[in-house]
Each structure stands twice: as C-alpha cells, then as structure tokens.
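A look at the structure
Chain by chain, the residues run as shown.
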Amino acid sequence: MSGKKYRLAIIGCGMICNAAHMPSINELRREGLVEVAAVADIREIAARETAQRWEIPRWYTDPQKMLEEIKPDWVSVCTPNVSHKQWSIAALKAGANVMCEKPIALTWRDAKEMFDTADRAGKLLWACQSRRWSADMDFAYKAMRAGDIGKPYFADISFVRRFGVPTWGFFHMKEYNGGGSFCDLGVHFIDALLWMCGNPRVKTVSGMQTDVIVKKKEDILLSIKESGAYIGTFTPREYNPDEFSVEECAAGTMRLEGNFLVNFKFTWALNQPTQKHFLLCGENGGLDVEKFTLYKNVGPFQAETELKYFDNRPFAGVAFDAHRYMYRHVYNVLEGREERLVKPEETLNVVAAIEAFYESAKRQSEVRTEDLAGYSL
Ligand SMILES: NC(=O)c1ccc[n+]([C@@H]2O[C@H](COP(=O)([O-])OP(=O)(O)OC[C@H]3O[C@@H](n4cnc5c(N)ncnc54)[C@H](O)[C@@H]3O)[C@@H](O)[C@H]2O)c1
C-alpha cells in the first residue's frame with residue numbers, strides 16, 4: 001500500500017499505548033505510512049522507556065511542548081479519561097488529526113466541543129472504539145445482517161469480571177478516570193450495540209453503582225491479564241486500594257428510541273462468575289453473540305441454530321488485534337479510501353449514555369438524556 005507518510009506522536013505512554021497502539025502503529029511504520037516522531041507522558045519513566053522500547057527519537061514530559069516542537073499531523077491520545085478532552089483539543093488546534101482512547105469524554109457537552117473543534121480545524125477526531133473490530137463484534141455485526149432478526153427491541157448485555165480491577169495505573173481513581181467499570185467495559189458494549197442497531201438515540205438511563213467489594217480490601221489475588229492488560233503492563237504505578245474512588249459495578253437499564261430497552265451490567269467486581277453476555281432480540285428472532293446462536297423459527301418449529309464463525313483475519317488470536325485493524329482503517333479514512341466506521345453522532349450517543357448513567361446513579365433515579373447540559377439532537 002502507498003500513500004501519504006504521517007508524522008505521528010503519542011500522548012500517554014502506559015498500558016494501551018505500549019500493548020495496543022505501538023504494535024498497531026508499527027504495522028503502518030513498517031510500510032512507510034507513518035513515522036513516530038515523539039511521545040509524551042507526565043511520568044518521565046513512562047515517556048523515556050516507551051521511546052527507547054519502540055525506537056522513537058524524542059520524548060517529552062510536557063505534551064503541549066511536544067505538540068509545539070514536533071508539529072505532528074496525527075496524534076494518539078492514550079491518557080486516562082479525564083485528560084482526553086484537554087489533549088485532543090490541544091492536538092487538533094496544533095493541526096493534527098486525533099485518535100483518542102475511549103471514552104473520549106464523560107459529558108455530552110465536552111464531547112460536542114471536541115467534535116466542533118475538529119470540524120473547525122478540518123481534522124479527524126476519532127474515538128478508539130476498537131471493540132468494533134474484535135472477533136465477537138465482528139461476528140455479531142455480520143450475523144445481525146445475515147440472520148434477519150428483524151427490528152431489535154430488547155437487549156441484555158453484560159461484561160462481568162468476578163474480580164478484575166485494573167491495578168496498573170489510574171483506572172481506579174475518579175480524578176484521573178472519571179468513572180470505573182462503566183467507562184472501561186460498558187462503553188465498548190454500548191458502542192457496539194448502538195452501532196449494530198443503527199444508532200437508536202439513548203433516551204433515558206436508570207443505573208446504580210457500587211464499590212462494596214473493593215472497599216472490603218480482602219486479600220484477593222488479582223490477575224493483571226484478567227483485568228484487561230493481556231500482554232502485561234509497562235512502568236505501572238503502584239496500586240493502592242485506598243485510592244479506589246470509582247464504581248466496581250455498574251448496572252441498570254437504558255431506553256432507546258423506538259421502544260427499545262437494554263439491560264446492562266458491567267463489573268470489575270461482583271459475586272458471580274466472570275462472563276460476557278450479548279443478547280439481541282427482534283421481531284423475527286434473537287441472537288446470542290457470545291454463544292454464536294440464532295433463535296429463529298423454522299416453519300412450525302422453534303429452532304436454535306449454532307452459527308459457525310471463523311476468524312480468518314490476519315491478526316486473529318493476537319492480543320489487542322482490534323487496534324491493528326482500527327489503525328489501518330483510520331489511515332485509509334485519512335487517505336479518503338474508506339468511509340469512517342466510528343461516526344461522531346454515534347460517539348455522542350455513547351457519551352450521552354455515560355453522562356446519564358453517572359447522573360442517574362448519583363440521583364438514584366432515571367435520567368433523560370435531553371436534560372443533560374447542552375444536549376441537542
Ligand atoms: N480501547 C481499548 O480497548 C482500551 C483498553 C484499555 C485502556 N483503554 C483506554 O486507554 C486509556 C489509558 O489506559 P491505560 O491502560 O493505558 O492506562 P495507564 O495508566 O497504563 O496509562 C496512562 C498513561 O497516561 C499518563 N498520564 C496520566 N495523566 C496524563 C496527562 N494529563 N498528560 C499526559 N500523560 C498522562 C500516565 O502517566 C500513564 O503513563 C484510558 O482512557 C482507557 O480507557 C482503552
């Protein structure tokens with residue numbers, strides 16, 4: 001493949017930068033489609049070691065200085081959630097296209113400001129909803145198109161870890177991450193669900209959050225892998241359960257336009273087995289994504305059809321394979337070769353769900369997205 005060579009820089013040199021972004025960028029770098037000019041992190045050791053690990057010529061502890069000196073035309077923002085807006089806007093204003101890790105923002109108003117800044121700058125702002133390229137969602141999207149379950153009106157989605165709190169960085173601290181399991185796991189499933197159902201508008205959320213298990217501080221063995229760092233961590237900061245200030249469990253219900261109800265449960269800690277569940281029910285049939293099963297009548301018979309899925313894509317089985325497909329897609333979008341898959345209106349819908357969830361959990365009552373500050377259709 002040939003095309004423009006982009007001058008890329010990364011802000012935030014933690015787990016996802018080193019485990020997912022850099023291996024994906026390397027695929028493009030090998031083909032001469034990007035050069036990685038610099039990285040930045042407020043922790044010097046993270047910036048320096050990332051630059052050394054990946055043979056990147058410059059590293060900074062001040063991302064703004066990096067933007068001014070390096071003048072990249074592509075920036076990947078891999079910091080904890082609370083600083084996504086600041087660095088995405090700074091990079092857009094510095095003239096770069098931006099890939100920002102999910103969730104790009106915690107409030108609808110912030111996300112809108114970010115997309116408006118991108119529009120004014122004539123640059124791409126991309127939410128890293130990488131899960132759209134994961135094997136289960138690849139299957140689900142194809143099965144939804146082929147299986148004809150008809151118009152979906154009910155979904156039951158859960159991403160449950162019995163005990164899988166990310167302990168390598170800032171995930172567990174509200175001042176850095178804004179939220180816990182809903183931001184980490186829920187955002188992926190909600191984005192995927194809305195995408196494959198045609199982006200029905202999130203109208204209301206009724207949710208609850210808890211932190212009771214983590215706060216008990218029992219001497220439970222934690223697995224880095226089971227908490228989402230599949231190939232380990234890089235220069236992690238020490239975890240202290242006393243700092244835990246987000247939710248370990250998020251559960252509730254969302255109403256989508258068109259009389260569509262979604263039950264959800266996203267947990268880092270809950271006394272039930274670790275599991276993923278993604279069920280979509282429509283007027284003609286149902287689809288269980290994790291069991292690869294289609295529920296659809298055949299003549300007078302109720303049938304349960306197991307669908308065979310073969311992941312024949314080039315990075316099948318590779319940790320964070322989804323990021324690799326996503327980077328290639330974003331490159332092609334920038335080059336005008338592919339239509340962007342993750343659209344601003346979809347990301348805004350997801351962010352509305354995030355904000356409404358936290359507001360609802362705080363108030364302990366249902367929240368309408370149309371009542372969120374600045375919300376407009
Ligand atoms: N798409 C996915 O599948 C996926 C998976 C894991 C994490 N993520 C997202 O990636 C982001 C980072 O997660 P992580 O696991 O790499 O966390 P991490 O803690 O390992 O890394 C974050 C890095 O950002 C640095 N940092 C913190 N505040 C900063 C600031 N204001 N400016 C510059 N650097 C700053 C930290 O020092 C740290 O090195 C989060 O938003 C998370 O939701 C996405």
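Criteria and cut-off values
- Residues numbered from 1 in each chain as written.
- Predicted model: local features only at pLDDT ≥ 70, side-chain atom pairs only at ≥ 80, totals over all residues.
- Helix = DSSP H or I, 4+ residues; strand = E, 2+ residues; numbered from the N terminus.
- Contact = placed C-beta atoms within 7 Å.
- Axes fitted to C-alpha atoms, helices over the stretch in contact; angles between N-to-C directions.
- Parallel < 35°, antiparallel > 145°, perpendicular 65-115°, else oblique.
- Left-handed = near helix turned anticlockwise from the far one by under 90°.
- Near = placed C-beta within 6 Å.
- Nonpolar A, V, L, I, M, F, W, Y, C, P; charged D, E, K, R; others polar.
- Domains from an automatic or database assignment.
- Buried ≥ 20, exposed ≤ 12 C-beta atoms within 10 Å, placed from the backbone.
- Pairing = 2+ DSSP bridges.

A word on the environment of C17. By secondary structure assignment, the location of C17 is in helix α1 (residues 15-30). Separated by 33 residues in the primary sequence, C17 and T50 have C-alpha atoms spaced 8.6 Å apart. Contacts of C17, omitting those with residues within four sequence positions, involve I10, G12, M22, T50 and C78.

Moving on, we come to the packing of helix α8 (residues 181-196) against helix α11 (residues 344-363). Two quantities define a packed helix pair, namely the angle between the axes and the distance from one axis to the other. Between α8 and α11, the least distance of the axes is 10 Å, while the angle of their chain directions is 135 degrees. Comparing the axis directions of α8 and α11 gives the class oblique. Here α8 and α11 pass one another in a crossing that is right-handed. Every residue of α11 that contacts α8 at F182, C183, V187, I190, D191, L194 and W195 is listed here: E346, N349, V350, A353, I354 and F357.

For the ligand, the set of nearby residues contains 26 residues, the closest of which are G12, G14, M15, I16 and G169. No other element matches the three residues that α1 contributes to the shell around the ligand. When its residues are assigned to classes, the shell around the ligand shows 13 nonpolar, eight polar and five charged.

Once that is clear, we can look at the domain arrangement of the protein chain. In terms of domain boundaries, the protein chain breaks down into domain 1 (6-128 + 334-342) and domain 2 (132-318 + 347-371). Relative placement of domain 1 and domain 2: their C-alpha centres are 25 Å apart. Contacts between the two partners involve 22 residues from domain 1, matched on the other side by 23 residues from domain 2. Going through the elements one at a time, α1, α2 (44-53) and α5 (108-121) are the ones with two or more residues in the side of domain 1 that touches domain 2.

To continue, consider the environment of M173. Counting through the fold element by element, M173 comes out in the loop between β7 (152-160) and α7 (174-177). A tally of 17 C-beta atoms within 10 Å means that M173 is categorised as partly exposed. Spatially, the C-alpha atoms of M173 and F244 are 5.6 Å apart, while their sequence positions differ by 71 residues. Sequence-distant contacts of M173, defined by excluding residues within four places in its chain, comprise E243 and S245.

Attention now goes to the sheet that holds strand β13 (residues 293-298). Pairing in this open sheet of nine strands is mixed, and the strands run β14-β13-β12-β11-β7-β10-β9-β8-β15 from one edge to the other. Unpaired on one side and paired on the other, β14 (301-306) and β15 (367-368) mark the two borders of the sheet. Two strands pair when backbone bridges link them, and strand β12 (residues 286-288) and β13 are joined in this way by three bridges, in the antiparallel orientation. Bridge assignment links L287 to a residue of β13, and that residue is L294. With respect to the sheet, helix α6 (residues 135-147) is in contact with β11 (275-282), β12 and β13, its orientation differing from that of β12 by roughly 160 degrees. Along the sheet, α8 contacts β7, β9 (249-256), β10 (260-267) and β11; its crossing angle with β10, the most-contacted strand, is approximately 145 degrees.

Between α1 and helix α10 (residues 321-334), the shortest axis-to-axis distance is 8 Å and the interhelical angle comes to 50 degrees. If you check the angle between α1 and α10, you find them oblique. As for how α1 packs across α10, the hand of that crossing is right-handed. Counted together, A20, H21, P23, S24, I25, E27 and L28 of α1 and H323, R324, Y327 and Y331 of α10 form the full contact between these two elements.

A separate point is the pairing of β7. In this sheet, β11 lies alongside β7 in antiparallel orientation, the contact comprising eight bridges. Paired with P152 across the two strands is G282, which belongs to β11. Judged from the seven bridges that link them, β7 and β10 form a sheet pairing that is parallel. Following the sheet pairing, V160 is matched in β10 by T267.

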